[in-house]
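These are the residues of each chain, in order.
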Amino acid sequence: MRKTKIESWTEEWEKSYSQEKVKLIEVFKDELVDIFHIGSTSIPTIGYAKPIIDILIVVRNIENVDLYISEMLTLAYEPKGENGIAGRRYFTKGKDNRTHHVHIFQVGSEFINIHLDFKEFLIRNPIEAKKYGDLKMNLANQFPNEHYKYQEGKQEFVNNLVKIAKEWASERFPY
C-alpha cells in the first residue's frame, strides 16, 4: 500500500532530476525532442511535495516509445501504458516507494503546455503555490495511509489551478 509522504522542498530534488535526465536522454536520444522537470518537486515556492520527481519527455512519435521499454526496465522503470491519459506513456520507478514518474507525450500534445504552464504559473505566483503546498500537507496529514483520498482531496484545487494557469499563459503568449 502506498503511503502519502510529504516533505519540505529541497534542492536535492533538482539534483535527482538532473541525474535521471542524463540517463533518460541516453535512452530516448533518437526520439527525444525535449525533457523537463515538472510537478511539485520542480517548484520551490510550493514549499512541500511528495519526494517523487516528475519528468516530462517530449518525443517525435509516441508509438515508438514502446520500443524503449526494455531499456526503461533496465533503469528500474515500470511501464504503465497510457495510465488514464490518451496519448501518454507513463513509467514509474520505485514500486510502493516511488522515486520518479516519467510522463511522455508526442510533440504537439496539449498536455505538454498544461504541465509547463502549471509549473510556470506557480513559480511566478508564490501565494497560489503556498496555498497548494499547504493543501498537500493538510491532506497528507489527514490521509497518511489512504493515498487515493489524498489525490481526490486535491483534484478540484488542481483542476482550478490548471484553468487559471492556462488563462494566464494565453494572456502572456497570445498565439
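Residues numbered from 1 in each chain as written. Predicted model: local features only at pLDDT ≥ 70, side-chain atom pairs only at ≥ 80, totals over all residues. Heavy atoms only, no water.

Enumeration over the complete set of coordinates arrives at six aromatic pairs. Arranged with centres 5.4 Å apart and planes meeting at 20°, the rings of F105 and F111 form a pair that is stacked. Taking relative accessible area as the criterion, F105 reaches 0% and is therefore assigned buried. For F111, a relative accessible area of 25% puts it in the partly exposed group. Between F118 and Y132, the ring centres sit 6.0 Å apart and the planes meet at 85°, which makes this aromatic pair edge-to-face. Placement of the pair is F118 in helix α3 (residues 110–124) and Y132 in helix α4 (residues 126–142), with a sequence separation of 14 residues. Taken together, F118, Y132 and F157 form an aromatic cluster joined through their ring pairs. R88 extends its terminal NZ or CZ atom over the ring of Y90, reaching a point 4.3 Å from the ring centre. (Phe/Tyr/Trp six-rings, centres within 6.5 Å; stacked < 30°, edge-to-face > 60°. Buried < 20%, exposed > 50% of the residue type's maximum accessible area, 1.4 Å probe, protein only. Helix = DSSP H or I, 4+ residues; strand = E, 2+ residues; numbered from the N terminus. Lys NZ or Arg CZ within 6 Å of the ring centre and 35° of its normal.)

For helix α5 (residues 147–172), with 26 residues, the first-to-last C-alpha span of 35 Å sits near the 38 Å given by 1.5 Å per residue. Bending of α5 peaks at approximately 40° at the position of Q155. Taken together, the buried positions of α5 are occupied by H147, Y150, K154, V158, L161, A165, W168 and A169. Considering only its buried residues, α5 is in contact with α3 and α4. (Expected span 1.5 Å × (residues − 1). Bend = angle between axes of the 7 residues up to and from the residue. Contact = heavy atoms within 4.5 Å.)

Taken as a whole and judged by the stated rule, the model has 13 salt bridges. Close ionic contact of E26 with K29 constitutes a salt bridge, the shortest N to O distance being 2.7 Å. Looking at K29, the relative accessible area reads 47%, which means it is partly exposed. Residue K131 pairs with E128 through a salt bridge whose shortest N-O separation is 3.1 Å. (Salt bridge = Lys/Arg side-chain N within 4 Å of Asp/Glu carboxyl O.)

One finds L24, F28, I55, I57, M72, V102 and I104 to be the most contacted residues of the largest nonpolar core, which totals 20 residues. Looking at this core, the elements with two or more residues in it are α1 (12–28), β2 (32–38), β4 (53–59) and β7 (100–106). If one sorts the elements of this core by residue count, α1 sits on top with five residues. The contact partners of L24, leaving out residues within four places of it in the chain, are I35, I55, I57, M72, L75, Y77 and V102. The next biggest cluster of nonpolar side chains, apart from the first, holds 12 residues, and it includes I43, F118, F121 and A165. (Core = buried A, V, L, I, M, F, W, Y, C linked by side-chain atoms within 4.5 Å.)

Let us now look at the packing of α3 against α5. The interhelical angle for the contact between α3 and α5, taken along N-to-C directions, is 85°, at an axis separation of 8 Å. For the element pair α3 / α5, the angle class is roughly perpendicular. Counting all contacts with α3, which are made through I114, D117, F118, E120, F121, L122 and R124, the residues of α5 involved are V158, L161, V162, I164, A165, W168, A169 and R172. (Axes fitted to C-alpha atoms, helices over the stretch in contact; angles between N-to-C directions. Parallel < 35°, antiparallel > 145°, perpendicular 65-115°, else oblique.)

It is worth spelling out the side chain of R98 at this point. Within the secondary structure layout, R98 lies in the loop between β6 (88–93) and β7. Among buried charged residues, R98 stands out as having no salt bridge; its nearest opposite-charge side chain is D96, 6.4 Å away. Within the structure, R98 has its side chain in polar contact with the side chain of H101 (distance 3.5 Å). Discounting chain neighbours no more than four positions away, the residues touching R98 are R2, P51, I52, K80, Y90, T92 and K93. (Lys, Arg positive; Asp, Glu negative; His and termini not counted. Polar contact = N/O pair within 3.5 Å; in protein donor to acceptor, adjacent residues only side chain to side chain.)

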